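Read off the chains here:
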Amino acid sequence: MSGTVSWWTVAVIAAGSYGFKAAGWFGLGRVLSGPRMQNIAGLLPPALLAALVVTQTFAVNTNQLVIDERLAGVAVGMLAAWRNAPFWLVVTLAGATTALLRI
């Protein structure tokens, strides 16, 4: 069942998204806009980005862990980010490293 869309997952995510919007209508906006939720919301984008990078770097399918040129690209990108390079340069260096190693 690899490569197919789980429509139940899509439906649950859509319902959750609508639920958050509806929460504001029913007076729960104050709770969702509190300082604790703002802190959590600030941490979600980096965590999701890290999860996507790890998934796309090491996984070919659900049964294998693959280490190839992509790992070198991520390592170069991490080094550039650690050295406070601009985001566009981090992405360019990571992509160029991966592409050059695949030649």
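Reading guide: rules and limits
- Residues numbered from 1 in each chain as written.
- Predicted model: local features only at pLDDT ≥ 70, side-chain atom pairs only at ≥ 80, totals over all residues.
- Heavy atoms only, no water.
- Helix = DSSP H or I, 4+ residues; strand = E, 2+ residues; numbered from the N terminus.
- Rg over C-alpha atoms; globule rule 2.2 N^0.38 Å.
- Buried < 20%, exposed > 50% of the residue type's maximum accessible area, 1.4 Å probe, protein only.
- Contact = heavy atoms within 4.5 Å.
- Areas by Shrake-Rupley, 256 points an atom, 1.4 Å probe, with all protein chains shown as cover.
- Salt bridge = Lys/Arg side-chain N within 4 Å of Asp/Glu carboxyl O.
- 1 Å grid on protein atoms, 1.4 Å probe; cavity = no way out; pocket = protein on both sides within 12 Å on 5 of 7 lines; lining within 4 Å.
- Points joined across faces, edges and corners; volume = space filled by probe spheres on them.
- Nonpolar A, V, L, I, M, F, W, Y, C, P; charged D, E, K, R; others polar.
- Polar contact = N/O pair within 3.5 Å; in protein donor to acceptor, adjacent residues only side chain to side chain.
- Expected span 1.5 Å × (residues − 1).
- Bend = angle between axes of the 7 residues up to and from the residue.
- pLDDT = per-residue confidence, 0-100.

J.: I'm lost on the overall build of the chain in this one. Help?
T.: Secondary structure summary: the chain contains five helices and zero strands in total. Traced from its N-terminal end to its C-terminal end, the chain shows the element sequence α-α-α-α-α. Relative to the compact-globule value of 13 Å for 103 residues, the chain shows a C-alpha radius of gyration of 19 Å, a clear excess of over 25%. Projected onto the principal axes, the alpha-carbon positions of the chain cover approximately 55 × 40 × 20 Å. Per-residue burial over the chain gives 13% buried out of 103 residues. In the chain, of all internal contacts separated by at least 6 residues, the share reaching a separation of at least 24 is 26%. About 8,500 Å² of surface is accessible on the chain, with carbon and sulfur atoms providing 72% of the total.

J.: How do you make sense of unusual backbone geometry when you look at a structure like this?
T.: For residues that are not glycine, phi is negative in most cases, and the peptide bond is trans in most cases. Of note in this structure, asparagine 84 is not a glycine but carries a positive phi near 60°. With respect to the helices and strands, asparagine 84 occurs in the loop between α4 (69–82) and α5 (87–102).

J.: Is there a simple way to think about the pattern of salt bridges in this case?
T.: Should the charged atoms of two oppositely charged side chains come close, the side chains can pair. Applying the stated criterion to the full structure yields two salt bridges. Of the charged contacts, one joins arginine 102 and glutamate 69 as a salt bridge, the two residues approaching to 3.6 Å between their closest N and O atoms. Remark: glutamate 69 occurs in helix α4 and arginine 102 occurs in helix α5; sequence separation between them is 33 residues. What makes glutamate 69 partly exposed here is its relative accessible area of 27%.

J.: Looking at this structure, I do not really get the layout of surface pockets. What am I missing?
T.: Summary: where empty space remains is shown by rolling a probe the size of a single water molecule over the atoms. There is about 490 Å³ of room inside the largest pocket. Forming the walls of the largest pocket are 17 residues, and the residues nearest its centre are Leu49, Val53, Val74, Val90 and Ala94. Here the residues of the lining of the largest pocket sort into 11 nonpolar, five polar and one charged.

J.: Teacher, can you tell me more about the environment of arginine 70 here?
T.: Following the sequence through the fold, arginine 70 ends up in helix α4. Separated by 2.8 Å, the side chain of arginine 70 and the backbone oxygen of glutamine 56 make a polar contact.

J.: Would you mind showing me how to read helix α3 (residues 35–58) here?
T.: Residues that lie three or four places apart on an α-helix share one face, since the helix turns once every 3.6 residues. With 24 residues, α3 extends 35 Å between its outermost C-alpha atoms, agreeing within 8% with the 34 Å of an ideal straight helix rising 1.5 Å per residue. Along α3, the sharpest kink reaches roughly 25°, centred on leucine 44 and followed within four residues by the proline proline 45.

J.: For this particular structure, what's the right way to read helix α1 (residues 7–25)?
T.: In this model α1 runs 27 Å from its N-terminal to its C-terminal C-alpha over 19 residues, within 8% of the 27 Å that 1.5 Å per residue would give. Looking one or two places after α1, you find glycine 27, whose phi comes out positive at around 90°.

J.: In this structure, what is going on with the confidence of the model for the chain? I would like to understand it.
T.: Confidence in the prediction for the chain averages 85 pLDDT; 92% of positions are at 70 or higher. Of all the helices and strands in the chain, helix α2 (residues 29–32) carries the lowest mean pLDDT, 70, while α5 carries the highest, 96.

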